[in-house]
Amino acid sequence: MTQVSLSTSTNFDGDSNALIEDQGTELTISLNLDEPAPAGGLRVFIDSDVEQIINRLDLPTFAFNPVTENINPASISTDFDNSGVALTIDEGATSASFTIPVFDNPEPDTTLPETFDGLVEATLSVKTSDEVSAEDAQNITGISEYTIDSSTANSTVLFADNESQLTGDTPTTEPETPTAPEPSSSGYDEAVDGDISND
């Protein structure tokens, strides 16, 4: 039986596997098979632990100009709560991928701010056909039989509005350092300023 492994990457210029809205970064989801996909292709389900996280990606741009390798864009569908996608890897292919930009969502979001605003960590996982939930069963159909490479079954992606959210930093203005008064160049004149010592 075909074994599937998953990896993700972004074009964020940093150490994190992150999607930054105000930088317009892109996510690439890659799948590798240990043997060529069978006749008719291999239909795979990828789900996450965050409801509606797929809607934090720019689906309209992807629909208009899809970037895929060995995947028919028309085969990609989302599940009931938009936490994951199903797709079909082309017959004979041993690898497949698709790339999609993050959606620059205006803040604050009034519908689901816990998903669409701020820093969100989402873990994407390959799921087998028996792991498709009852609520997803209408949208996610025809999942093929395959096994999953347990060492590469999951991949975590960070979603953020801006880069500062990755470290928890917020832009601040440096406080002004108080300056000591400049000493008088002429010194203290008792005749003018008054007696100090009472001598």
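Now for a description of the structure that goes with this document. (Residues numbered from 1 in each chain as written. Predicted model: local features only at pLDDT ≥ 70, side-chain atom pairs only at ≥ 80, totals over all residues. Heavy atoms only, no water.)

Regarding the side chain of D136
Looking at where D136 falls in the secondary structure, it is placed in the loop between β9 (120-127) and β10 (147-148). Here D136 occupies a buried position and makes no salt bridge, while the nearest side chain of opposite charge, K127, is found at 9.5 Å. Separated by 3.0 Å, the side chain of D136 and the backbone nitrogen of F80 make a polar contact. If we skip the residues at most four places from it in the chain, D136 touches F45, D47, D79, F80 and D81. (Helix = DSSP H or I, 4+ residues; strand = E, 2+ residues; numbered from the N terminus. Buried < 20%, exposed > 50% of the residue type's maximum accessible area, 1.4 Å probe, protein only. Lys, Arg positive; Asp, Glu negative; His and termini not counted. Salt bridge = Lys/Arg side-chain N within 4 Å of Asp/Glu carboxyl O. Polar contact = N/O pair within 3.5 Å; in protein donor to acceptor, adjacent residues only side chain to side chain. Contact = heavy atoms within 4.5 Å.)

Observations concerning the pattern of salt bridges
It is possible for side chains bearing opposite charge to pair when their charged atoms get close. Across all of its chains, the model carries 2 salt bridges by this definition. Close ionic contact of R56 with E21 constitutes a salt bridge, the shortest N to O distance being 3.0 Å. Of this pair, R56 sits in the loop between β4 (42-48) and α1 (59-64) while E21 sits in the loop between β2 (18-20) and β3 (26-33), and the two are 35 residues apart along the sequence. Here R56 matches E21 in class, with each residue buried. Each of E21, R56 and D161 takes part in a single network of salt bridges with overlapping partners.

Concerning the environment of P60
Positionally, P60 belongs in helix α1. Separated by 43 residues in sequence, P60 and F103 place their C-alpha atoms 9.2 Å apart.

Focus: the nonpolar core
L31, V44, I46, L87, I89, F98 and F159 are the most contacted members of the largest nonpolar core, which totals 38 residues. For this core, the secondary-structure elements that each account for two or more residues are β1 (3-10), β3, β4, β7 (85-89), β8 (95-101), β9 and β11 (154-160). Setting aside chain neighbours within four positions, we find V44 in contact with L31, V85, A86, L87, I89, V126, I143 and Y146. By size, the runner-up hydrophobic cluster in this structure holds 5 residues, among which are A18, I20, L158 and A160. (Core = buried A, V, L, I, M, F, W, Y, C linked by side-chain atoms within 4.5 Å.)

Some remarks on the side chain of D58
By the element assignment, D58 lies in the loop between β4 and α1. For the buried D58, no salt bridge is present, and the opposite-charge side chain at shortest range is R56, 12 Å distant. Of note is the side chain of D58, whose polar atom sits 2.8 Å from the side chain of T61.

Observations concerning the sheet that holds β8
With respect to topology, 5 strands assemble into an open sheet ordered β5-β8-β3-β1-β10, the strand pairing being mixed. Of all strands in the sheet, those bounded by a partner on one side alone are β5 (67-69) and β10. (Pairing = 2+ DSSP bridges.)

What to know about the pairing of β11
In terms of burial, β11 is a largely internal element, 5 of the 7 residues being buried. Alignment of β2 against β11, held across 3 bridges, turns out to be parallel. The residue bridging L19 from the neighbouring strand is F159, located in β11. Here β9 pairs with β11 via 6 bridges, running antiparallel. Paired with A122 across the strands is V157, a residue of β11.

By themselves these figures say nothing about function.
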